[in-house]
Amino acid sequence: MMMEAPELDRDALLALLDRMLRAEAVTDAPPADERGDWLYGSAGFTEPDEHGWMAPLPSTDIWVPRALVFWRMAILSDAPVSDEQMHDPRHSLARWPAIERAVKAYVADVYKVSQCLSPHMTGDACVVSRL
């Protein structure tokens, strides 16, 4: 039996993506045939303290999954995501099914709201799109 992913607000979804990015980060290079799915660079901040402050850590070169970075940045920046970007295999979250469901639900909800803000959708059409 498949459980429904709980709908997460933007901050909770970003926190989930952050935790997964930290969990998936590796210092050893992935196999050559998988490197297109990974990004390499320096990163590092402490966990936020009780006031939300973070401090930089000494530079550490790490590999992180490209899909998690893409979705974190798209949600963080509130950037529109095209159908082409949604279906790009490099952005697939299939490896993390719960995160995939949460991102799809969040994006679908944001898209419905943005449609209602469009000057082309008014009245009953906007109400129907929110259902």
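As a reminder, the structure under discussion sits directly above these lines.
Residues numbered from 1 in each chain as written. Predicted model: local features only at pLDDT ≥ 70, side-chain atom pairs only at ≥ 80, totals over all residues. Heavy atoms only, no water.

Draft legend 1. Quick look at the nonpolar core. Counting 20 residues, the largest nonpolar core has Leu13, Trp71, Leu93, Ile99 and Val103 as the members making the most contacts within it. Among the elements of the structure, helix H1 (10-24), strand S2 (56-65), helix H2 (66-77) and helix H4 (97-117) are those that each provide at least two residues to this core. Top element by residues in this core is H2. It accounts for six residues. When near neighbours in sequence (up to four residues on either side) are disregarded, tryptophan 71 contacts Leu17, Val81, Met86, His91, Leu93, Val103 and Val107. (Core = buried A, V, L, I, M, F, W, Y, C linked by side-chain atoms within 4.5 Å. Buried < 20%, exposed > 50% of the residue type's maximum accessible area, 1.4 Å probe, protein only. Helix = DSSP H or I, 4+ residues; strand = E, 2+ residues; numbered from the N terminus. Contact = heavy atoms within 4.5 Å.)

Draft legend 2. Spotlight on H1. When the terminal C-alpha atoms of H1 are compared, their 21 Å separation across 15 residues agrees well with the 21 Å that a helix rising 1.5 Å per residue should span. Taken together, the buried positions of H1 are Leu13, Leu14, Leu16, Leu17, Leu21 and Glu24. An end-on view of H1 places all buried positions within 160° of arc, on one side of the element. Exposed positions of H1 whose direction lies more than 90 degrees from the buried face are Asp11, Arg19 and Ala23. Of the residues that open H1, the one with a side-chain oxygen 3.2 Å from the backbone nitrogen of aspartate 11 is aspartate 9. (Expected span 1.5 Å × (residues − 1). Arc of directions from axis to C-beta. Polar contact = N/O pair within 3.5 Å; in protein donor to acceptor, adjacent residues only side chain to side chain.)

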